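# Structure at a glance
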Amino acid sequence: MNCVKFQASLSDYIEGALEPRTRAECAAHRLTCGECRELYTDVRVTVQALNAFSRREIDEPEGLQHRILAATTTGEMLSCTEFDKLLERYFDGVILAPTFQTFQTHFEQCAKCRRLLNGIEEAISMCHEAKETEIEMPDSLYDRIVAATIGVRSASWIERAQSAIVNFARPLMSPQMAVAAMILAAISLLILSRFGSISNLTTHAEQKAESIVNQGQRKIKSSSAAARSGFQRVSYEVNSFLFSGGVVSPMPVSTPSSQTQGQTQAQPSPQPRPRPDAEEPASAQGEDHQRRPNQNKRKHEK
Amino acid sequence: MGANAALIKSDAELVRRCRAGDSAAWEQVVHEYSRRVYNLAYRFTSRHESAEDLTQEVFVRVYRSLDQYDSQAGDLANWLMRLARNLVIDDYRRRSRTPTDLGDDIGDHEYRLESYHDAPDRGVEQFERAKQVHAAIAKLQPDLRECVILRDIEELAYQEIVDILKIPIGTVKSRINRGRIELAKILRRMKVVETL
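A quick note: this is a predicted structure, and the numbers were derived from the prediction, not measured.

Analysis parameters
Residues numbered from 1 in each chain as written. Chains lettered and ligands numbered in written order. Predicted model: local features only at pLDDT ≥ 70, side-chain atom pairs only at ≥ 80, totals over all residues. Helix = DSSP H or I, 4+ residues; strand = E, 2+ residues; numbered from the N terminus. Contact = placed C-beta atoms within 7 Å. Buried ≥ 20, exposed ≤ 12 C-beta atoms within 10 Å, placed from the backbone. Axes fitted to C-alpha atoms, helices over the stretch in contact; angles between N-to-C directions. Parallel < 35°, antiparallel > 145°, perpendicular 65-115°, else oblique. Nonpolar A, V, L, I, M, F, W, Y, C, P; charged D, E, K, R; others polar. Core = buried A, V, L, I, M, F, W, Y, C linked by C-beta atoms within 7 Å. Bend = angle between axes of the 7 residues up to and from the residue. Arc of directions from axis to C-beta. Left-handed = near helix turned anticlockwise from the far one by under 90°. pLDDT = per-residue confidence, 0-100.

For chain A, the count of helices and strands is 14 helices and zero strands. What you see in chain A, going N to C, is helices and strands ordered as α-α-α-α-α-α-α-α-α-α-α-α-α-α. Long-range contacts, defined here as pairs at least 24 residues apart, represent 58% of the contacts in chain A between residues at least 6 apart.

Listed below in C-alpha cells is the structure:
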C-alpha cells in the first residue's frame, strides 16, 4: 500500500466500507506514513464538521418566508388578471371565504392591484358623496329643457305664452343689457338713498318747483311795483316842475316800512308805491332762484 | 402566518388545499420547509443573497409542481426536498460553468480567522468556524463540491447522489473522496482544521 492507493481508499476507509483485508493494509500504512496519518485525521475531522452542518442549520434571513409567499401567491396562486376578475365580486360582497383569503393576500402583496382597488373604492365613495350633496342646476338649463320639450308635446296657451316670452327675452340677455341693468340699478339705489322712494322724489321736485314759481312770480310783482313807483316819481317830479316851477320836495318814497309791508301782504294786487325794503329779501332769495329755477322747473315739466 | 387555521397534519390534505387555492395551507408549507431549503441553497451558493433568491425560486417551482405530488409515493418533506435539491444543483451547475460569482465570501476569511482566535464566546466561535468551513467548501472545484455537500452535509446515500447527478457511482465515489481530501487540505492551509 502506497500513499496514492491509501488516499484513493481514504473515504471508504473512514466510512468503514472497506473489505477487512484492504482496511488492514490502510491501517498499516497510516501507522508508517506520517503525512497520510495527518491527512486521515484532517479528512475525518472535516467530514465530521460537514456532518455537523446538517444538524446545525443556520437561520433563514428574516422576511424570506414573506418573500416566498409574495412570489408564489402573487405570481402563482392569484394572478393580477384573476384579481381583476374577482374585483367585481368583491365590491358586490359575494367572494367566498377561501377565495377571499387569496384575494386579500394578493392585495397585500401586489402594489399594482392595491392601487387599483383603492382607486375604485375612492371613486365609489366620491359617487356616494356626489349623491348626497347635489349642486344647483343652472336655471337656463331648465328653460332649455322646457323649450326643447315644449315643441314636442302640445302645450297649453299659458305655456306657449311663457315660452314666447322666454324666447323673446333670450336675445335681450346680452352683456350690454346686463351693464344697462346695472346702471339702472345704481341710479335707483342713489335715488332711494336720497329720497326714500321714487314718489318722494317726484313730490319733492313738485314742491321745489312750486316754491320757485311762487318766488318768481313774487319777484316779477315786486320789480313791476318798483318800476311803477319809479314812473310815478318821475311823473310827479315832471308834473311839479311843469306846474309849480320850483324845487319840489322829494316824493315821500320812504313811507314807513311797517305800513308798506302790511299793505303789500294785505293787498295782493300791484301797489303803485315803491317798496324798497321788499327788494332785499327778493334779491337775497334771487340768487338762489336764479340758479335753481331752471333746473327745478325743468324737473317739474318732466 | 396561518394563525387563523389549525395545522393540517396530513400531507395529502395539505397539498390538496394548496392546490385549491387555500393560502393558509400554502403558508404552512412555506413555514415548515423554507429553512431547510434555504440551508441547502446556502451550502451550494455560499452566499446569503444567492441562497435567498434560490430558495424563492425553489418554492415557486414547488408550487407549480404541487399537482405532481403523490402522497402514496412518500411524504411531502422527501418529495419537496428532492425537488429542491435537484433545482439547487441545476442552478449550481449552471453557475459553475460561469464561475464569476464564486469566492466573494472567501475573500475576507483570513480576517475572520484572526478574529476567531480571540473570540471569547463559544457560540461566536462555532459560528465563525462554520463560516470558515463554508468558505473552504466554496474553494472546492464545482464537480467535487456538489458530491461532498450531497454526501457529507445532505447525508445522502451514494445511489441517491447518482440519481440526482446522473453520473456513474464510481465517479460519485471518487469525487467524494477527492473532494474530502481537497477540503481537508484547504482547511489545514486556513489553519481551521486544528480547531475542528
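Additional details are given in the paragraphs that follow.
Here the focus is the overall build of chain B. On a plain count of helices and strands, chain B comes out with nine helices and zero strands. For chain B, the N- to C-terminal ordering of α and β elements is α-α-α-α-α-α-α-α-α. Taken across its 196 residues, chain B has 41% of its residues classed as buried. Residue pairs at least 24 apart in sequence account for 60% of intrachain contacts in chain B once pairs closer than 6 positions are excluded.

Bringing the environment of Ile-181 of chain B into the picture now. You can see Ile-181 of chain B is positioned in helix α9 (residues 169–189). In this structure, Ile-181 of chain B is in contact with Gln-7, Leu-10, Leu-39 and Val-43 of chain A, ignoring residues within four places of it in sequence.

Okay, unusual backbone geometry next. Residues and elements named next belong to chain B. You will see that Ser-46, though not glycine, has its phi angle at about 60°, which is positive. Residue classification places Ser-46 among the buried positions, given that 23 C-beta atoms sit within 10 Å. For Glu-155, which is not glycine, the phi torsion reads 55° and is therefore positive. Its place among the elements puts Glu-155 in the loop between α7 (142–153) and α8 (158–165). The exposure class assigned to Glu-155 is partly exposed, which follows from the 13 C-beta atoms found within 10 Å.

For the rest of this paragraph, the subject is the packing of helix α4 (residues 34–55) of chain A against α9 of chain B. Two elements in contact, α4 of chain A and α9 of chain B, have axes whose closest approach is 8 Å; the angle formed by their N-to-C orientations is 95°. Classed by the angle they form, the pair α4 of chain A and α9 of chain B counts as roughly perpendicular. The segment α4 of chain A lies against α9 of chain B, with Leu-39, Asp-42, Val-43, Thr-46 and Val-47 of chain A engaging Arg-180, Ile-181, Leu-183, Ala-184, Leu-187 and Arg-188 of chain B. Looking at the contact of α4 of chain A with α9 of chain B, its residues break down into seven nonpolar, one polar and three charged.

Let us now look at the nonpolar core. With 63 residues, the main nonpolar core has Ala-41, Val-58, Val-88, Ala-136 and Leu-183 of chain B as its most contacted residues. Not counting residues up to four positions away in its chain, the partners in contact with Val-58 of chain B are Val-37, Ala-84, Leu-87 and Val-88 of chain B. Residues Phe-83, Leu-86, Phe-103 and Cys-113 of chain A belong to the second largest nonpolar core, which totals six residues.

All names here are of chain A. When you line up the elements, Val-4 lands in helix α1 (residues 3–8). Residue Val-4 is classed as exposed on the basis of its C-beta count, with 8 C-beta atoms lying within 10 Å. With 32 residues separating them along the chain, Val-4 and Cys-36 place their C-alpha atoms 9.6 Å apart.

Next up on the list: helix α2 (residues 23–45) of chain B. The largest bend in α2 of chain B is about 45°, located at Tyr-33 of chain B. Immediately beyond the C-terminal end of α2 of chain B, within one or two residues, lies Ser-46 of chain B, with a positive phi of roughly 60°.

This paragraph deals with the interface of chain A and chain B. Listed as interface residues are 35 residues of chain A and, on the opposing side, 38 residues of chain B. Contributing elements (two or more residues each) for the side of chain A that touches chain B: α1, α2 (10–15), α4, α5 (64–77) and α7 (97–109) of chain A. In terms of residue class, the side of chain A that touches chain B is made up of 17 nonpolar, 13 polar and five charged.

Turning our attention to helix α1 (residues 11–19) of chain B. Residues and elements named next belong to chain B. Listing the buried residues of α1 in full gives Leu-14, Val-15, Arg-17 and Cys-18. Angularly, the buried residues of α1 cover 160° about the axis, an arc narrow enough to put them on a single face. Among the residues trailing α1, Gly-21 stands out with phi positive, at a value near 95°.

Residues and elements named next belong to chain B. Interaxial distance between helix α3 (residues 48–64) and helix α4 (residues 76–97) falls to 10 Å at its minimum, and their mutual angle equals 130°. The angle between α3 and α4 places the two elements in the oblique class. The chirality of how α3 crosses α4 is right-handed. Contacts from Leu-54, Glu-57, Val-58, Arg-61 and Val-62 in α3 reach Leu-80, Leu-83, Ala-84, Leu-87, Val-88 and Asp-91 in α4. By residue class, the composition of the contact of α3 with α4 is eight nonpolar, no polar and three charged.

Our focus in this paragraph is the environment of Asp-143 of chain A. All names here are of chain A. Within the fold, Asp-143 resides in helix α9 (residues 139–150). Under the C-beta neighbour-count criterion, Asp-143 is labelled partly exposed, with 16 such atoms within 10 Å. Along the chain, Asp-143 and Ser-163 lie 20 residues apart, while their C-alpha atoms are 8.6 Å from each other.

Residue and element names in this part refer to chain B. When pLDDT is averaged across chain B, the result is 80; 81% of the residues are at 70 or more. Every residue in residues 100–120 is under pLDDT 50, and counting partners more than four places away or in other chains gives 27 contacts. We note a pTM of 0.47 for the whole complex and an ipTM of 0.70 for its interfaces.

Residue and element names in this part refer to chain A. With 71% of its residues at a pLDDT of at least 70, chain A reaches an overall mean of 73. Looking over chain A, one finds the lowest element-wise mean pLDDT in helix α13 (residues 257–266), namely 45, and the highest in helix α3 (residues 20–32), namely 92. Overall, residues 254–299 carries pLDDT values under 50, and its contacts beyond four positions in sequence, including any with other chains, amount to 49 contacts.

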